[in-house]
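# A look at the structure
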Amino acid sequence: MPIKVICTELSLPCFQVNALAFIPAMKTDTPVKKEWAIFTHGYTSHKGDCLNWATRLVEADVPCIIFDQPGHYLGSFNEVENLEDFKAHVHELFREAYVRLGALLETNLGPGNY
């Protein structure tokens, strides 16, 4: 099974952002790593700064997800209506990314294979 890159979204009540999940290939001789990598971009960088990291890690069997920062316009065009909401909730996107990556791993690799 080849490496998969899956476009997805992360949502909180205050905002929604785009994300890319990198799912390792299922191999019989090396298991998918228990460690996962979560990257974000769009505040001081763009996706290109994270793609090389995610690509290299997934090739080493480490599942990864990259998500946009809310208000990042080079991909999702999702507004941030309130700066206070951003400050209060943006950190919750890391939990959402973790949960989404776990669900995508279960769907694509099967329970117990990651």
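Model, not experiment: these values are computed from the prediction.

### Things to note about the nonpolar core
Counting 19 residues, the largest nonpolar core has Leu10, Ala21, Ile23, Ile65, Phe67, Leu93 and Leu101 as its most contacted members. Looking at this core, the elements that each hand over two or more residues are β1 (4–11), β2 (16–23), β4 (64–68) and α3 (92–109). No other element matches the 6 residues that α3 contributes to this core. Ranked by size, the runner-up nonpolar core spans 10 residues in total, among them Leu20, Ala54, Val58 and Cys64.

### A short note on the confidence of the model for the protein chain
Looking at the protein chain as a whole, its pLDDT mean stands at 86, while 85% of the residues score no less than 70. Mean pLDDT values for the elements of the protein chain range from 85 in helix α2 (residues 83–89) up to 95 in α3.

### With respect to the side chain of Asp68
Mapping Asp68 onto the fold places it in strand β4. Given the relative accessible area of 5%, Asp68 is considered buried. Within the structure, the side chain of Asp68 is placed 2.7 Å from the side chain of His41, a separation counted as a polar contact.

### With respect to the pairing of β4
Along any regular strand the residues' side chains alternate between the sheet's two faces. Where burial is concerned, most of β4 is hidden: 5 out of the 5 residues are buried. Neither face of β4 is exposed, since Cys64, Ile66 and Asp68 on one face and Ile65 and Phe67 on the opposite face are all buried. Relative to β4, β2 runs antiparallel, the two being bridged by 4 bridges. Bridging across to β4, Phe22 finds its partner in Cys64. Relative to β4, strand β3 (residues 37–41) runs parallel, the two sharing 5 bridges.

### Concerning the sheet that holds β1
Across the sheet, 4 strands lie side by side as β1-β2-β4-β3; this open sheet has mixed pairing. A strand with exactly one partner marks an edge of an open sheet, and here the two such strands are β1 and β3. Mean inter-strand twist for the sheet, computed between neighbouring axes without regard to direction, equals 20°. Contacts from α3 reach β1, β2, β3 and β4, with the element oriented near 140° to β1.

### Description of unusual backbone geometry
Although it is not a glycine, Asp61 sits at a positive phi angle of roughly 70°. Within the element layout of this structure, Asp61 appears in the loop between α1 (48–59) and β4. Residue class for Asp61 comes out buried when judged on its relative accessible area of 6%.

### Quick notes on the pattern of salt bridges
A complete count under the given rule lists 2 salt bridges for this structure. Lys87 is the salt-bridge partner of Glu84, the closest N and O atoms lying 3.3 Å from each other. On the criterion of helical spacing, the pair formed by Glu84 and Lys87 is a turn pair, its members being 3 residues apart in helix α2. A relative accessible area of 52% means that Lys87 is categorised as exposed. Across the pair Arg95 and Glu96 runs a salt bridge, and its minimum N-O distance is 3.7 Å. Since its relative accessible area comes to 48%, Arg95 is described here as partly exposed.

Cut-offs applied
- Within each chain, residues carry numbers counting from 1 in the order of the written sequence.
- At least 70 in pLDDT is required for a residue's local features to be given in this predicted model, at least 80 for side-chain atom pairs to be given and counted, and no such filter applies to totals for whole chains, interfaces and linings, which use all residues.
- Values reported for side chains reflect all heavy atoms of the structure, with hydrogen atoms and water molecules removed beforehand.
- Among buried residues, those of type Ala, Val, Leu, Ile, Met, Phe, Trp, Tyr and Cys that are joined through side-chain atoms within 4.5 Å constitute a nonpolar core.
- For each residue, the accessible area found with a 1.4 Å probe, counting protein chains only, is set against the maximum for its type, and the residue is called buried under 20%, exposed over 50%, and partly exposed in between.
- What counts as a helix is a DSSP run of H or I of at least four residues, what counts as a strand is a run of E of at least two, and both are numbered from the N terminus.
- Values of pLDDT, which run from 0 to 100, indicate the predictor's confidence residue by residue.
- Here a polar contact is taken to be a pair of N or O atoms separated by no more than 3.5 Å, where protein atoms must pair a possible hydrogen donor with a possible acceptor and residues adjacent in sequence count only if both atoms sit in side chains.
- Two strands pair if DSSP finds at least two bridges between them.
- Angles run from 0 to 180 degrees between N-to-C directions of axes, and those axes are lines fitted to C-alpha atoms, restricted for helices to the stretch in contact.
- Throughout, a residue-residue contact means that at least one pair of heavy atoms, one from each residue, lies within 4.5 Å.
- Each reported salt bridge corresponds to a side-chain nitrogen of Lys or Arg within 4 Å of a carboxyl oxygen of Asp or Glu.

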